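Per-entry structural report
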Amino acid sequence: MAATVKYDEVEVGQEIPAVDYQVRRVNLVKYAGASGDFNPIHWNERFAKSVGLPDVIAHGMYTMAQGGRFVTDWAGDPAAVIDYGVRFSSMVVVPDDDNGATITISGLIEEKLEDKRVVVVVNARSGDSRVLSKARAVVQLS
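The present account deals with the structure reproduced in this document. Keep in mind the model is a prediction, meaning the values are calculated, not measured. (Residues numbered from 1 in each chain as written. Predicted model: local features only at pLDDT ≥ 70, side-chain atom pairs only at ≥ 80, totals over all residues. Heavy atoms only, no water.)

**Looking at the pattern of salt bridges**
Stated precisely, the cut-off is as follows: Basic side-chain nitrogens of Lys or Arg form a salt bridge, by our definition, when they fall within 4 Å of a carboxyl oxygen of Asp or Glu. Secondary structure is summarised from DSSP: a helix means a run of H or I of at least four residues, a strand means a run of E of at least two, and numbering begins at the N terminus for each. Categorising residues by exposure relies on relative accessible area from a 1.4 Å probe, with only protein chains included: less than 20% of the type maximum marks a residue as buried, more than 50% marks it as exposed, and the intermediate range marks it as partly exposed.
One pass over the structure, following the stated rule, counts 5 salt bridges. Here Asp-96 and Arg-25 are joined by a salt bridge, their closest N and O atoms 4.0 Å apart. Taken together, the residues span a long stretch of sequence, with Asp-96 in the loop between strand E2 (81–88) and strand E3 (101–112) and Arg-25 in helix H1 (residues 25–35) at a distance of 71 residues. Among the residues examined, Asp-96 registers a relative accessible area of 58% and is labelled exposed.

Below you can see the structure in the form of structure tokens.
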């Protein structure tokens, strides 16, 4: 596969439209199984509150993965992302209801590099909180 986004068709400052990702408790349980991270703050409301959290919170790496998913979906090829890094800046609180939480992710072309590569700044928010900071991906375009 190759990226479906063409290098010549993107410009510095171009926005990548926002996408909403729903997070429910079942997603956290599945992620715990896949990652091996069974910390009870990610699935046990009583425990999470006993350690001072407002409720169960999403795994930081789960949140980071949603940012990666956003970039790979935009590029059209998971292999197009050649570098990706973030800092965690806030929690994604996931209530035990039908809606869970929403992570809203958008992007911005920050820089065009040589060899048809671009730097994408990823903006991830949940409610009023920015949940990832310094989130950037280098993407190989066609």
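**Brief notes about the sheet that holds E3**
Counted only if it meets this: Should DSSP find at least two bridges between two strands, the strands are taken to pair. Where helices are involved, their axes are fitted lines through C-alpha atoms of the stretch in contact, as for all axes, and angles between N-to-C directions lie from 0 to 180°.
Strand order in the open sheet formed by 5 strands is E1-E3-E4-E5-E2, and the pairing between neighbours is antiparallel. Lying at the two open borders of the sheet, with one neighbouring strand each, are strand E1 (15–23) and E2. Across the sheet, the axes of successive neighbouring strands diverge by a mean angle of 20 degrees, strand direction being ignored. Inspection of the sheet shows E2 paired to strand E5 (residues 129–140) by 6 bridges, in the antiparallel sense. Bridging from a neighbouring strand, Arg-87 pairs with Ser-133 of E5.

**Observations concerning helix H3 (residues 60–75)**
Stated formally: To estimate how far a helix should reach, multiply one less than its number of residues by 1.5 Å. Note on contacts: a residue pair qualifies if any of its non-hydrogen atoms lie within 4.5 Å across the two residues.
Counted at 1.5 Å a residue, the expected span for H3 with its 16 residues is 22 Å, and the 23 Å between its end C-alpha atoms agrees. Listed in full, the buried residues belonging to H3 are Tyr-62, Thr-63, Met-64, Gln-66, Gly-67, Gly-68, Phe-70, Val-71, Thr-72, Trp-74 and Ala-75. On its buried face, H3 is in contact with E1, H1, E2, E3, strand E4 (117–126) and E5. At the exit of H3 stands Gly-76, carrying a positive phi of roughly 90 degrees.

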